[in-house]
Amino acid sequence: MNPLILHTPGEPAGIGPELLIKLAAQPSAACRVAVADGALLERTAKHLGLSLTLRRFDGVAQATPANTLWHLPQTMPQPVTFGLPSPDNAAYLLACLRCAADQARVSQAAMVTGPLNKAVINQAGIAFTGHTEFIAAHCGGMTPVMMLTAGTLRVALATTHMPLRAVADAITPESLAHVMQVLEHELRERFGIHKPRIQVCGLNPHAGEGGHLGDEEQRVIEPALTQQRARSGEAAQWLGPVPADTAFTRERLAQCDAVLAMYHDQGLPTLKHAGFGQAVNVTLGLPIIRTSVDHGTALDIAGKGTADVGSLRAAENMAITLATQGKLTHG
Ligand SMILES: NC(=O)c1ccc[n+]([C@@H]2O[C@H](COP(=O)([O-])OP(=O)(O)OC[C@H]3O[C@@H](n4cnc5c(N)ncnc54)[C@H](O)[C@@H]3O)[C@@H](O)[C@H]2O)c1
Ligand SMILES: N[C@H](C(=O)O)[C@H](O)COP(=O)(O)O
């Protein structure tokens, strides 16, 4: 069977369309479907001197020849200049996401998203914090868990896109219990880790220094860990709360399969330092498979032809494996 992979290339003024066209240079046993404006893709290919044929996707998943994309057409209202996103395209971009998510649900397919500029969508008057939250809301309103992976380094986040000022209040016993359950379940079921070992970071410097530098560890994280250990029994190993500054030492990482960071910039700088360009953003806790690139819209290099396709390739590979085998091979 040819797995169906729905690609949304993201911000048209960024590097997303270029990357999808570059990815399409190689044939694939997967049915690569671009959920996007066709003229945008053709213009981008022409600008970069790349070859691209779009073929209308008729619902039957077939392999994808070289320099070809199957296509679910969407209409972009405002042609863009590279590097200059327009809020006028915000509704189009979200329509692409809805279309891909709906198709993924009905076809047991996977969606792979290119980068969006969150600010531009908000400038259009549409509240938007990221794909992760948007797709989860569209798929039924579950609370998603963001995880980025770079080889065997896996970093999940207890909170996603929110101001730092709001983070402490967003970490509650209930929210942490949910994140921990989703993470443990998906590490086992989708990442093939039989007995996951998960290291949980504290929120405050030095994990609160015994309550002298903040009490969230004592009030929220330790009780949540105690409950989760009771729920998991022998099925998983939960470590922590550990001070985040030493959570990523080689020794500590060797003892765990994933790190649960409390917030975006506690976990992702290390992950991106280790794997930028090859890492994958995967959303856990959804009824569909959704992977994404590890980078943003890179407006500074859009249209120059220099964007690196490594992360999109890794995101597609992970989506194909999850769609065909249900899980990844551990390691
Ligand atoms: N998956 C997503 O939708 C996603 C992910 C991260 C950031 N973003 C958004 O992207 C926008 C820009 O974010 P940023 O500037 O912090 O990060 P960025 O990843 O766009 O850029 C950081 C640096 O990395 C370079 N870079 C990024 N991807 C590259 C690639 N594939 N090849 C070569 N160089 C690459 C850029 O040129 C830039 O110098 C923001 O609006 C942010 O919210 C979206
Ligand atoms: N947090 C992601 C990152 O730093 O790579 C990025 O903003 C994308 O998030 P979504 O997939 O939710 O758009």
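The model shown is predicted, which means the values in this text are computed figures rather than measured ones. Each chain has its residues counted from 1, following the order in which its sequence is written. Working convention: letters from A go to chains and numbers from 1 go to ligands, in the order in which they are written. It should be noted that, the model being predicted, local features are given only for residues of pLDDT at least 70 and side-chain atom pairs only at 80 or more, the latter also being counted only at that level, while totals for whole chains, interfaces and linings use all residues.

Caption draft 1: Representation of the site of ligand 2 in the model. If you check the shell around ligand 2, you find Gly130, His131, Thr132, His264, Leu268, Asn281, Ser292 and Asp294 and nothing else. Counting only elements with at least two residues in the shell around ligand 2, the list comes to helix H5 (131-138) and helix H10 (264-275). Each domain's limits were defined by an automated method or a database of domain assignments. Both domains that furnish three or more residues to the shell around ligand 2 are identified here as domain 1 (1-142 + 286-330) and domain 2 (144-285). Each residue gets a C-beta atom placed from its backbone. Should that atom fall within 6 Å of a molecule or strand, the residue is termed near it. Each helix is a run of H or I in the DSSP string that is no shorter than four residues. Each strand is a run of E no shorter than two, and both are numbered from the N terminus.

Caption draft 2: Main features of the domain arrangement of the chain. The domain boundaries assigned to the chain delineate domain 1 (1-142 + 286-330) and domain 2 (144-285). A C-alpha centroid distance of 28 Å is found between domain 1 and domain 2. Opposite the 25 residues of domain 1 that make contact, domain 2 presents 21 residues. Where the side of domain 1 that touches domain 2 is concerned, the elements lending two or more residues are H5, strand E12 (289-293) and helix H11 (310-325). Under the grouping applied here, Gly and all other residues not named as nonpolar or charged are polar, the nonpolar ones being Ala, Val, Leu, Ile, Met, Phe, Trp, Tyr, Cys and Pro and the charged ones Asp, Glu, Lys and Arg. In the side of domain 1 that touches domain 2, the residues fall into 10 nonpolar, 10 polar and five charged. Once C-beta atoms have been placed from the backbone, residue pairs whose C-beta atoms lie within 7 Å are recorded as contacts.

Caption draft 3: Structural view of the UniProt feature "binding site: a divalent metal cation" (unreviewed entry) in the chain. UniProt positions are given in the numbering used here, feature names are shortened, and annotations may be inferred rather than shown by experiment. In this structure's numbering, the residues bearing the UniProt feature "binding site: a divalent metal cation" (unreviewed entry) are His161, His206 and His264. Taking the farthest pair of C-alpha atoms as the criterion, the annotated set spanning 104 residues is dispersed, since that pair is 23.3 Å apart. On the secondary structure map, histidine 161 appears in the loop between strand E7 (153-157) and helix H6 (164-170). Ignoring any residue separated from it by four or fewer positions in sequence, one finds histidine 161 in contact with Thr129, Gly130, Glu133 and His264. You can see histidine 264 is positioned in helix H10. Between the buried cut of 20 or more and the exposed cut of 12 or fewer other C-beta atoms within 10 Å of a residue's own C-beta lies the partly exposed class, and all C-beta atoms are placed from the backbone. With 18 C-beta atoms packed within 10 Å, histidine 264 lands in the partly exposed category.

Caption draft 4: Quick peek at the UniProt feature "binding site: substrate" (unreviewed entry) in the chain. Residues annotated by UniProt as "binding site: substrate" (unreviewed entry) correspond here to His131, Thr132, Lys272, Asn281 and Arg290. Assignment of secondary structure puts threonine 132 in helix H5. Overall, the presence of 24 C-beta atoms within 10 Å leaves threonine 132 in the buried class. Those residues within four positions of threonine 132 in sequence are excluded, and the remaining contacts are Pro144, Met146, Thr160 and Thr283. Here arginine 290 shows up in strand E12.

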